[in-house]
Amino acid sequence: MKVTDLPKHWEQQKEPVELTHNYNLRLPLEDAARVAALAELYPGRSESDILNDMVAAALDDLTSQGLLKEKLDKQNG
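Report follows, based on the coordinates. (Residues numbered from 1 in each chain as written. Predicted model: local features only at pLDDT ≥ 70, side-chain atom pairs only at ≥ 80, totals over all residues. Heavy atoms only, no water.)

To continue, consider the overall build of the chain. The helix and strand tally for the chain stands at four helices and zero strands. The principal-axis extent of the C-alpha atoms belonging to the chain is close to 40 × 30 × 25 Å. Of all 77 residues assigned to the chain, the portion counted as buried reaches 14%. Long-range contacts, defined as pairs at least 24 residues apart, comprise 62% of the intrachain contacts of the chain with a sequence gap of at least 6. In the form shown here, the chain has an accessible surface area of approximately 6,700 Å², with 53% of it arising from carbon and sulfur atoms. Between the centroid of the 9 positive side chains of the chain and the centroid of its 14 negative side chains there is a distance of 5 Å. (Helix = DSSP H or I, 4+ residues; strand = E, 2+ residues; numbered from the N terminus. Buried < 20%, exposed > 50% of the residue type's maximum accessible area, 1.4 Å probe, protein only. Contact = heavy atoms within 4.5 Å. Areas by Shrake-Rupley, 256 points an atom, 1.4 Å probe, with all protein chains shown as cover. Lys, Arg positive; Asp, Glu negative; His and termini not counted. Charge placed at Lys NZ, Arg CZ, Asp CG, Glu CD.)

Space inside the largest pocket adds up to approximately 790 Å³. Lining the largest pocket are 25 residues, with Leu19, Ser48, Leu51, Asn52 and Asp53 sitting closest to its centre. Sorting the residues of the lining of the largest pocket by element identifies α1 (6-11) and α3 (47-64) as the ones contributing at least two each. Looking at the lining of the largest pocket element by element, the count peaks at 10 residues for α3. The class makeup of the residues in the lining of the largest pocket is 12 nonpolar, six polar and seven charged. (1 Å grid on protein atoms, 1.4 Å probe; cavity = no way out; pocket = protein on both sides within 12 Å on 5 of 7 lines; lining within 4 Å. Points joined across faces, edges and corners; volume = space filled by probe spheres on them. Nonpolar A, V, L, I, M, F, W, Y, C, P; charged D, E, K, R; others polar.)

Turning to the environment of Lys8, a few remarks are in order. Tracing the backbone shows Lys8 in helix α1. Its relative accessible area of 61% is what places Lys8 among the exposed residues. For the pair formed by Lys8 and Leu59, sequence separation is 51 residues and the distance between their alpha carbons is 18 Å.

What follows covers the packing of aromatic side chains. Applying the stated criterion across every chain, the model contains one aromatic pair. Measuring from centroid to centroid gives 5.4 Å for Trp10 and Tyr42, while their planes differ by 55 degrees, and the two rings are tilted. With Trp10 in helix α1 and Tyr42 in the loop between α2 (29-41) and α3, the pair connects residues that are 32 residues apart, well separated along the chain. With a relative accessible area of 15%, Tyr42 lands in the buried category. (Phe/Tyr/Trp six-rings, centres within 6.5 Å; stacked < 30°, edge-to-face > 60°.)

Let us now look at α3. Given a rise of 1.5 Å per residue, 18 residues ought to cover 26 Å, and the 26 Å separating the end C-alpha atoms of α3 matches this to within 8%. Turning to α3, its buried residues number three or more, namely Asp49, Ile50, Asp53 and Ala57. Projected down its long axis, α3 carries its buried residues within an arc of 100 degrees, all on one side. Packed against the buried residues of α3 are α1 and α2. Looking one or two residues beyond α3, the residue adopting positive phi is Gly66, at roughly 90 degrees. (Expected span 1.5 Å × (residues − 1). Arc of directions from axis to C-beta.)

Written as structure tokens, this is what we have:
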């Protein structure tokens, strides 16, 4: 999924996601305000949901460009 596809995704019904690892994320105040604003625009999504989707979309984008895929293939190979 691309970052630009996220608003459409957030308008759809939320699907359960299995979380396997927690991260403590410190954001600059301006970015935290943007995440809070997105959560207000999409009331069915929490700030954590928004951040999870944004990270997943960024990782998908990196993988599709081959940058991350090559490194992961080497590690798992």
